[in-house]
Amino acid sequence: MSKIEILQVGPYPSWDEERLNENFVMHRYFEADDKPAFLAENVAGIRGIATRGELGASRALIEALPNLEIISVYGVGYDAVDLAAAREHGIRVTNTPDVLTKDVADLGVAMMLALSRGMIGAERWVRSGDWAAKGLYPLQRRAHGKRAGILGLGRIGFEVARRLAGFDMEIAYCNRSPKAVAGDWKFLADPVELAKHSDFLFVALAATPDTRHIVNRQVIEALGPEGMLINISRAANIDEDALIEALQDGRLGSAALDVFEGEPKLDPRFLTLDNVLLQPHHASGTYETRKAMGKLVFDNLAAHFAGRDLPTPVL
Ligand code: 8YV
(Lines give C-alpha, C1' and ligand atoms only; values in the text may rest on other atoms or scores of the structure.)
Protein backbone atom coordinates (compact mmCIF):
# COMPACT_ATOMS: atom_id res chain seq x y z
CA MET A 1 0.00 0.00 0.00
CA SER A 2 1.47 3.40 -0.99
CA LYS A 3 2.28 5.89 1.72
CA ILE A 4 -0.13 8.73 2.39
CA GLU A 5 1.04 12.10 1.10
CA ILE A 6 1.39 15.08 3.43
CA LEU A 7 2.19 18.71 2.65
CA GLN A 8 4.82 19.93 5.11
CA VAL A 9 4.46 23.71 5.52
CA GLY A 10 7.50 24.33 7.73
CA PRO A 11 10.63 22.57 9.01
CA TYR A 12 10.64 20.27 12.03
CA PRO A 13 13.56 18.97 14.08
CA SER A 14 15.36 16.01 12.49
CA TRP A 15 13.83 13.47 14.86
CA ASP A 16 10.33 14.54 13.80
CA GLU A 17 11.14 14.58 10.11
CA GLU A 18 12.67 11.11 10.28
CA ARG A 19 9.48 9.69 11.81
CA LEU A 20 7.26 11.53 9.33
CA ASN A 21 9.37 10.46 6.35
CA GLU A 22 9.31 6.83 7.50
CA ASN A 23 5.52 6.80 7.53
CA PHE A 24 4.38 9.34 4.96
CA VAL A 25 5.43 10.93 1.70
CA MET A 26 6.32 14.41 2.90
CA HIS A 27 6.11 17.20 0.33
CA ARG A 28 8.36 20.02 1.64
CA TYR A 29 6.29 23.01 0.61
CA PHE A 30 8.46 25.49 2.48
CA GLU A 31 11.46 24.56 0.32
CA ALA A 32 9.63 25.03 -3.00
CA ASP A 33 10.82 28.05 -4.96
CA ASP A 34 7.71 28.01 -7.16
CA LYS A 35 4.94 27.12 -4.72
CA PRO A 36 2.03 27.25 -7.19
CA ALA A 37 3.90 24.91 -9.53
CA PHE A 38 4.84 22.67 -6.59
CA LEU A 39 1.19 22.40 -5.57
CA ALA A 40 0.03 21.77 -9.13
CA GLU A 41 2.54 18.94 -9.42
CA ASN A 42 1.61 17.27 -6.14
CA VAL A 43 -1.95 18.36 -5.39
CA ALA A 44 -3.74 15.16 -6.39
CA GLY A 45 -2.21 12.92 -3.73
CA ILE A 46 -2.03 15.26 -0.74
CA ARG A 47 -4.42 14.21 2.02
CA GLY A 48 -2.88 16.01 5.01
CA ILE A 49 -1.05 19.17 6.04
CA ALA A 50 1.63 19.26 8.73
CA THR A 51 2.17 22.86 9.75
CA ARG A 52 3.42 25.04 12.61
CA GLY A 53 1.49 27.38 14.93
CA GLU A 54 2.84 30.52 13.35
CA LEU A 55 2.48 29.22 9.77
CA GLY A 56 -0.99 27.67 9.88
CA ALA A 57 -2.93 26.98 6.67
CA SER A 58 -4.70 29.68 4.68
CA ARG A 59 -8.01 29.31 2.90
CA ALA A 60 -6.16 29.48 -0.41
CA LEU A 61 -3.91 26.59 0.57
CA ILE A 62 -6.78 24.54 1.97
CA GLU A 63 -8.86 25.05 -1.17
CA ALA A 64 -5.91 24.23 -3.42
CA LEU A 65 -5.92 20.66 -2.01
CA PRO A 66 -9.12 18.87 -3.08
CA ASN A 67 -8.24 15.66 -1.24
CA LEU A 68 -7.20 17.31 2.02
CA GLU A 69 -8.58 15.59 5.13
CA ILE A 70 -6.58 16.86 8.12
CA ILE A 71 -4.36 19.76 9.23
CA SER A 72 -1.98 18.89 12.06
CA VAL A 73 -0.54 21.96 13.85
CA TYR A 74 2.80 21.91 15.72
CA GLY A 75 1.77 24.34 18.46
CA VAL A 76 -1.19 25.14 20.67
CA GLY A 77 -2.12 28.25 18.71
CA TYR A 78 -4.14 27.47 15.59
CA ASP A 79 -5.06 31.08 14.81
CA ALA A 80 -3.10 30.92 11.55
CA VAL A 81 -5.34 28.10 10.32
CA ASP A 82 -8.44 29.30 8.49
CA LEU A 83 -10.89 27.34 10.63
CA ALA A 84 -13.89 28.56 8.63
CA ALA A 85 -12.39 27.13 5.46
CA ALA A 86 -11.49 23.89 7.24
CA ARG A 87 -15.02 23.62 8.61
CA GLU A 88 -16.61 24.35 5.22
CA HIS A 89 -14.58 21.58 3.61
CA GLY A 90 -14.99 19.07 6.44
CA ILE A 91 -11.29 19.05 7.27
CA ARG A 92 -10.06 17.97 10.72
CA VAL A 93 -7.70 20.27 12.60
CA THR A 94 -5.44 19.27 15.50
CA ASN A 95 -2.93 21.11 17.70
CA THR A 96 -0.48 20.30 20.51
CA PRO A 97 -1.93 21.62 23.79
CA ASP A 98 -0.86 20.74 27.36
CA VAL A 99 2.61 19.40 26.49
CA LEU A 100 3.92 22.97 26.14
CA THR A 101 1.88 24.75 28.82
CA LYS A 102 4.45 24.75 31.63
CA ASP A 103 7.44 25.65 29.46
CA VAL A 104 5.57 28.64 28.07
CA ALA A 105 4.58 29.71 31.59
CA ASP A 106 8.18 29.25 32.77
CA LEU A 107 9.51 31.55 30.08
CA GLY A 108 6.88 34.18 30.81
CA VAL A 109 7.92 34.30 34.47
CA ALA A 110 11.60 34.19 33.50
CA MET A 111 11.06 37.16 31.17
CA MET A 112 9.42 39.12 34.00
CA LEU A 113 12.35 38.45 36.33
CA ALA A 114 15.05 39.00 33.71
CA LEU A 115 13.62 42.38 32.71
CA SER A 116 12.62 43.63 36.17
CA ARG A 117 16.04 42.73 37.59
CA GLY A 118 17.96 43.93 34.52
CA MET A 119 19.71 40.60 34.00
CA ILE A 120 20.53 41.09 30.30
CA GLY A 121 22.21 44.43 31.01
CA ALA A 122 23.90 43.01 34.08
CA GLU A 123 25.47 40.24 32.01
CA ARG A 124 26.82 42.92 29.63
CA TRP A 125 27.98 44.96 32.66
CA VAL A 126 30.22 42.09 33.71
CA ARG A 127 31.47 41.00 30.27
CA SER A 128 32.18 44.57 29.09
CA GLY A 129 34.38 45.38 32.06
CA ASP A 130 31.97 48.06 33.22
CA TRP A 131 31.73 46.45 36.66
CA ALA A 132 35.43 46.98 37.24
CA ALA A 133 35.47 50.33 35.46
CA LYS A 134 32.21 51.86 36.64
CA GLY A 135 31.39 49.99 39.84
CA LEU A 136 28.02 48.72 40.99
CA TYR A 137 25.34 47.88 38.46
CA PRO A 138 22.36 50.29 38.59
CA LEU A 139 19.55 49.33 40.94
CA GLN A 140 16.61 47.48 39.43
CA ARG A 141 13.00 46.71 40.43
CA ARG A 142 11.57 44.10 42.76
CA ALA A 143 9.16 41.48 41.42
CA HIS A 144 8.06 39.50 44.49
CA GLY A 145 5.06 40.84 46.37
CA LYS A 146 3.98 43.08 43.46
CA ARG A 147 0.66 42.96 41.56
CA ALA A 148 0.31 40.56 38.63
CA GLY A 149 -2.48 40.63 36.03
CA ILE A 150 -3.20 37.61 33.82
CA LEU A 151 -5.07 38.43 30.64
CA GLY A 152 -6.54 35.05 29.72
CA LEU A 153 -6.69 32.44 32.49
CA GLY A 154 -6.47 29.43 30.21
CA ARG A 155 -3.99 26.58 30.73
CA ILE A 156 -0.94 28.79 30.21
CA GLY A 157 -2.33 31.78 32.13
CA PHE A 158 -3.20 29.50 35.04
CA GLU A 159 0.32 28.08 35.18
CA VAL A 160 1.76 31.62 35.07
CA ALA A 161 -0.47 32.67 37.97
CA ARG A 162 0.37 29.52 39.93
CA ARG A 163 4.07 30.36 39.59
CA LEU A 164 3.57 34.00 40.55
CA ALA A 165 1.69 32.96 43.70
CA GLY A 166 5.01 31.48 44.75
CA PHE A 167 6.46 35.00 44.56
CA ASP A 168 3.80 36.23 47.02
CA MET A 169 2.28 38.36 44.26
CA GLU A 170 -1.26 39.76 44.39
CA ILE A 171 -2.93 38.09 41.42
CA ALA A 172 -5.86 39.33 39.32
CA TYR A 173 -7.11 37.97 36.03
CA CYS A 174 -9.37 38.87 33.14
CA ASN A 175 -11.30 36.15 31.36
CA ARG A 176 -14.58 35.73 29.52
CA SER A 177 -15.97 34.59 32.88
CA PRO A 178 -14.66 33.86 36.39
CA LYS A 179 -12.95 30.47 36.80
CA ALA A 180 -13.38 28.27 39.87
CA VAL A 181 -9.73 27.17 39.63
CA ALA A 182 -8.74 30.79 40.30
CA GLY A 183 -9.49 30.44 44.01
CA ASP A 184 -8.93 33.82 45.70
CA TRP A 185 -7.36 35.44 42.63
CA LYS A 186 -9.36 38.58 41.77
CA PHE A 187 -11.56 38.42 38.66
CA LEU A 188 -11.84 41.62 36.59
CA ALA A 189 -13.99 41.58 33.47
CA ASP A 190 -12.31 44.58 31.84
CA PRO A 191 -8.71 44.51 30.52
CA VAL A 192 -8.29 48.22 31.37
CA GLU A 193 -9.27 47.56 34.99
CA LEU A 194 -6.88 44.60 35.07
CA ALA A 195 -4.05 46.80 33.79
CA LYS A 196 -4.84 49.44 36.42
CA HIS A 197 -4.44 46.76 39.09
CA SER A 198 -1.19 45.36 37.70
CA ASP A 199 2.52 46.02 37.94
CA PHE A 200 3.14 43.08 35.59
CA LEU A 201 0.52 42.28 32.95
CA PHE A 202 0.82 38.88 31.24
CA VAL A 203 -0.93 38.37 27.90
CA ALA A 204 -1.71 34.65 27.81
CA LEU A 205 -4.90 34.33 25.80
CA ALA A 206 -5.47 32.50 22.53
CA ALA A 207 -5.46 34.84 19.52
CA THR A 208 -8.86 35.07 17.86
CA PRO A 209 -10.58 37.76 15.77
CA ASP A 210 -12.26 38.89 19.00
CA THR A 211 -8.96 39.34 20.88
CA ARG A 212 -7.15 41.30 18.15
CA HIS A 213 -5.52 44.34 19.80
CA ILE A 214 -7.28 43.60 23.09
CA VAL A 215 -4.19 45.24 24.60
CA ASN A 216 -4.86 48.65 23.10
CA ARG A 217 -3.67 52.16 23.95
CA GLN A 218 -6.07 52.42 26.87
CA VAL A 219 -4.84 49.15 28.42
CA ILE A 220 -1.22 50.14 27.88
CA GLU A 221 -1.70 53.55 29.50
CA ALA A 222 -3.59 51.95 32.40
CA LEU A 223 -0.57 49.71 33.02
CA GLY A 224 1.49 52.89 33.05
CA PRO A 225 5.04 54.20 33.39
CA GLU A 226 5.96 51.73 36.15
CA GLY A 227 4.19 48.80 34.50
CA MET A 228 5.60 45.87 32.53
CA LEU A 229 3.77 44.04 29.73
CA ILE A 230 4.75 40.42 29.10
CA ASN A 231 3.47 38.71 25.92
CA ILE A 232 3.70 34.93 25.55
CA SER A 233 0.64 34.59 23.32
CA ARG A 234 0.44 36.17 19.86
CA ALA A 235 1.47 39.63 18.69
CA ALA A 236 -2.02 40.14 17.28
CA ASN A 237 -3.35 40.46 20.83
CA ILE A 238 -1.44 43.76 21.19
CA ASP A 239 -1.66 47.01 19.21
CA GLU A 240 2.05 47.01 18.45
CA ASP A 241 2.15 50.63 17.24
CA ALA A 242 0.51 51.81 20.45
CA LEU A 243 2.94 49.65 22.44
CA ILE A 244 6.05 51.00 20.73
CA GLU A 245 4.91 54.62 21.02
CA ALA A 246 4.13 54.18 24.74
CA LEU A 247 7.54 52.57 25.34
CA GLN A 248 9.25 55.38 23.44
CA ASP A 249 7.63 58.20 25.39
CA GLY A 250 7.48 56.51 28.80
CA ARG A 251 3.74 56.04 29.07
CA LEU A 252 4.62 52.34 29.55
CA GLY A 253 7.55 51.28 31.69
CA SER A 254 8.76 48.17 29.86
CA ALA A 255 7.77 45.12 27.83
CA ALA A 256 9.02 41.52 27.58
CA LEU A 257 7.95 40.02 24.26
CA ASP A 258 8.29 36.53 22.76
CA VAL A 259 6.08 37.24 19.74
CA PHE A 260 5.98 39.99 17.12
CA GLU A 261 3.97 41.11 14.13
CA GLY A 262 5.76 39.90 11.01
CA GLU A 263 8.15 37.67 12.97
CA PRO A 264 10.96 36.80 12.57
CA LYS A 265 11.23 40.30 11.09
CA LEU A 266 10.53 42.87 13.83
CA ASP A 267 9.42 46.43 13.67
CA PRO A 268 12.88 48.10 13.67
CA ARG A 269 11.74 50.53 16.35
CA PHE A 270 11.93 47.69 18.89
CA LEU A 271 15.69 47.54 18.35
CA THR A 272 16.10 51.19 19.41
CA LEU A 273 14.40 50.66 22.79
CA ASP A 274 16.30 49.81 26.00
CA ASN A 275 13.14 49.09 28.00
CA VAL A 276 12.22 45.91 26.17
CA LEU A 277 13.29 42.27 26.40
CA LEU A 278 13.10 40.62 22.99
CA GLN A 279 12.81 36.82 22.66
CA PRO A 280 12.58 34.77 19.43
CA HIS A 281 9.20 33.04 19.92
CA HIS A 282 10.80 30.21 21.84
CA ALA A 283 8.51 29.85 24.87
CA SER A 284 7.91 26.19 24.01
CA GLY A 285 11.48 25.78 22.77
CA THR A 286 12.85 23.01 24.97
CA TYR A 287 13.93 19.57 23.77
CA GLU A 288 11.38 17.96 26.05
CA THR A 289 8.42 20.02 24.91
CA ARG A 290 9.25 20.13 21.21
CA LYS A 291 9.70 16.32 21.15
CA ALA A 292 6.27 15.98 22.72
CA MET A 293 4.80 18.47 20.23
CA GLY A 294 6.32 16.66 17.28
CA LYS A 295 4.99 13.32 18.50
CA LEU A 296 1.50 14.78 18.76
CA VAL A 297 1.72 16.14 15.20
CA PHE A 298 2.59 12.62 14.03
CA ASP A 299 0.12 10.83 16.32
CA ASN A 300 -2.78 12.97 15.10
CA LEU A 301 -1.95 12.25 11.46
CA ALA A 302 -1.46 8.54 12.12
CA ALA A 303 -4.69 8.29 14.11
CA HIS A 304 -6.71 10.02 11.42
CA PHE A 305 -5.48 7.82 8.61
CA ALA A 306 -5.92 4.71 10.75
CA GLY A 307 -9.52 5.68 11.45
CA ARG A 308 -8.89 6.17 15.17
CA ASP A 309 -9.98 9.04 17.44
CA LEU A 310 -7.71 12.06 17.22
CA PRO A 311 -5.52 12.62 20.34
CA THR A 312 -5.90 16.42 20.39
CA PRO A 313 -8.66 17.60 18.03
CA VAL A 314 -9.58 21.24 17.50
CA LEU A 315 -12.09 20.61 14.71
C1 8YV B 1 5.43 27.12 18.95
C2 8YV B 1 3.43 28.50 19.55
O3 8YV B 1 6.75 27.47 19.17
O4 8YV B 1 2.33 26.70 20.53
C5 8YV B 1 2.22 27.70 19.81
O6 8YV B 1 1.17 28.09 19.31
O7 8YV B 1 3.38 29.58 19.11
C8 8YV B 1 4.73 27.96 19.93
O9 8YV B 1 4.60 27.19 21.10
C10 8YV B 1 5.23 27.33 17.48
O11 8YV B 1 3.92 27.17 17.09
C12 8YV B 1 6.13 26.33 16.78
O13 8YV B 1 6.29 26.66 15.43
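All residue numbers refer to positions counted from 1 along the written sequence of the respective chain. Given that the model is predicted, a residue must reach a pLDDT of at least 70 before its local features are reported, and side-chain atom pairs must reach 80 or more before they are shown or counted; all residues, however, enter totals for whole chains, interfaces and linings. Note that water and hydrogens are dropped before the side-chain values are worked out from all heavy atoms of the structure.

**A short note on the site of the ligand**
Inclusion rule: What makes a residue near a molecule or strand is one non-hydrogen atom of that residue sitting within 4 Å of it. Pairs of N or O atoms within 3.5 Å make up the polar contacts considered here, provided that, within protein, one atom can donate a hydrogen while the other can accept it, and that residues adjacent in sequence are counted only when both atoms are side-chain atoms. A 1.4 Å probe and the Shrake-Rupley method give the accessible areas. Residues count as covered only by the protein chains that appear here.
In the vicinity of the ligand, the contacting residues are Arg52, Gly53, Glu54, Tyr74, Gly75, Val76, Gly77, Leu100, Arg234, His281, Ser284 and Arg290. The contact in question runs from an oxygen atom of the ligand to an N or O atom on the side chain of Glu54, over 2.5 Å. Here an oxygen atom of the ligand and a backbone polar atom of Val76 are 2.7 Å apart. In isolation the ligand offers 320 Å² of accessible surface; the protein chains occlude 95% of this area.

**Quick notes on a nonpolar patch on the surface**
Operational definition: To count toward a patch, a residue needs a relative accessible area over 30% and no salt bridge; like charges are then connected within 9 Å, while nonpolar side chains (Val, Leu, Ile, Met, Phe, Trp, Tyr) are connected within 5 Å. Think of a salt bridge as a Lys or Arg side-chain nitrogen and an Asp or Glu carboxyl oxygen that are within 4 Å of each other. Each helix is a run of DSSP H or I of at least 4 residues and each strand a run of E of at least 2, with the numbering of both proceeding from the N terminus.
Taken together, Val126, Trp131 and Leu136 make up a surface patch of nonpolar side chains, about 380 Å² in accessible area. The residue Val126 is located in helix α6 (residues 119-127) in this model.

**Let's talk about the packing of helix α5 (residues 101-116) against helix α8 (residues 155-165)**
Just so we agree on the cut-off: Orientation is described by lines fitted to C-alpha atoms, with helices fitted over the stretch in contact, and by angles between N-to-C directions that extend from 0 to 180 degrees. Throughout, the term roughly parallel applies to angles under 35 degrees, roughly antiparallel to angles over 145, roughly perpendicular to angles from 65 to 115, and oblique to all others. For any helix crossing, the convention is left-handed if the near helix is rotated counterclockwise from the far helix by under a right angle, and right-handed if that rotation is clockwise. Only heavy atoms enter the contact rule, under which two residues are in contact if any of them lie within 4.5 Å. Polar here means any residue outside two lists: the nonpolar Ala, Val, Leu, Ile, Met, Phe, Trp, Tyr, Cys and Pro, and the charged Asp, Glu, Lys and Arg; Gly therefore counts as polar.
Relative to each other, α5 and α8 sit at 50 degrees, their axes nearing to 8 Å. The angle between α5 and α8 falls in the class oblique. Of the two possible hands of crossing, α5 and α8 adopt the one that is right-handed. Across the interface between the two elements, Thr101, Lys102, Val104, Ala105, Asp106, Val109 and Met112 from α5 touch Arg155, Ile156, Glu159, Val160, Arg162, Arg163 and Leu164 from α8. Taken together, the residues of the contact of α5 with α8 break down into seven nonpolar, one polar and six charged.

**Describing unusual backbone geometry**
Cis geometry marks the peptide bond from Glu263 to Pro264; its omega dihedral reads 10 degrees. By secondary structure assignment, the location of Pro264 is in the loop between β11 (254-257) and β12 (276-278). One non-glycine residue, Asp98, lies in the positive phi region at around 70 degrees. With respect to the helices and strands, the residue Asp98 is situated in the loop between β5 (92-94) and α5. Phi at His213 takes a positive value of approximately 60 degrees, unusual for a residue other than glycine. As for its position among the elements, His213 is in the loop between β9 (200-203) and α10 (217-223).

**Topic: the domain arrangement of the protein chain**
By a widespread convention, an interface's size corresponds to the accessible area lost as its parts come together. Using the following cut-off: Reported domain spans reflect what an automatic or database domain assignment gives. A 1.4 Å probe defines the accessible area here, and the buried area is the portion of it lost by two parts on being joined, summed over both.
Taken as a whole, the protein chain is organised into domain 1 (5-99 + 288-305) and domain 2 (101-278). Relative to domain 2, the C-alpha centre of domain 1 lies at a distance of 32 Å. Roughly 600 Å² of surface becomes buried between domain 1 and domain 2 when both sides are summed, with 37% attributable to carbon and sulfur atoms. For the domain 1 face of the interface with domain 2, the top three residues by lost area are Asp79, Asp98 and Thr289, together amounting to 60%. Counting across the interface, domain 1 meets domain 2 through two salt bridges.

**Observations regarding the nonpolar core**
Applicable threshold: Definition used in this section: a nonpolar core is a set of buried Ala, Val, Leu, Ile, Met, Phe, Trp, Tyr and Cys residues joined via side-chain atoms within 4.5 Å. Only protein chains enter the accessibility calculation, which uses a 1.4 Å probe; a residue is then buried when its area is under 20% of its type maximum, exposed when over 50%, and partly exposed in between.
Ranked by size, the top nonpolar core spans 48 residues in total, and within it Phe24, Met112, Ile150, Val160, Leu164 and Leu301 carry the most contacts. If you count residues domain by domain, this core takes at least three from each of domain 1 (5-99 + 288-305) and domain 2 (101-278). Ignoring sequence-local partners within four residues, the contact set of Phe24 consists of Lys3, Ile4, Ile6, Phe298, Leu301, Ala302 and Phe305.

**Here we look at the side chain of Ser284**
For Ser284, the location among the structural elements is in the loop between β12 and α12 (287-305). Exposure remark for Ser284: the relative accessible area of 11% places this residue in the buried category. A distance of 3.0 Å separates polar atoms of two side chains, one belonging to Ser284 and the other to Arg290. Setting aside chain neighbours within four positions, we find Ser284 in contact with Leu100, Asp103, Val104, Thr289, Arg290 and Met293.

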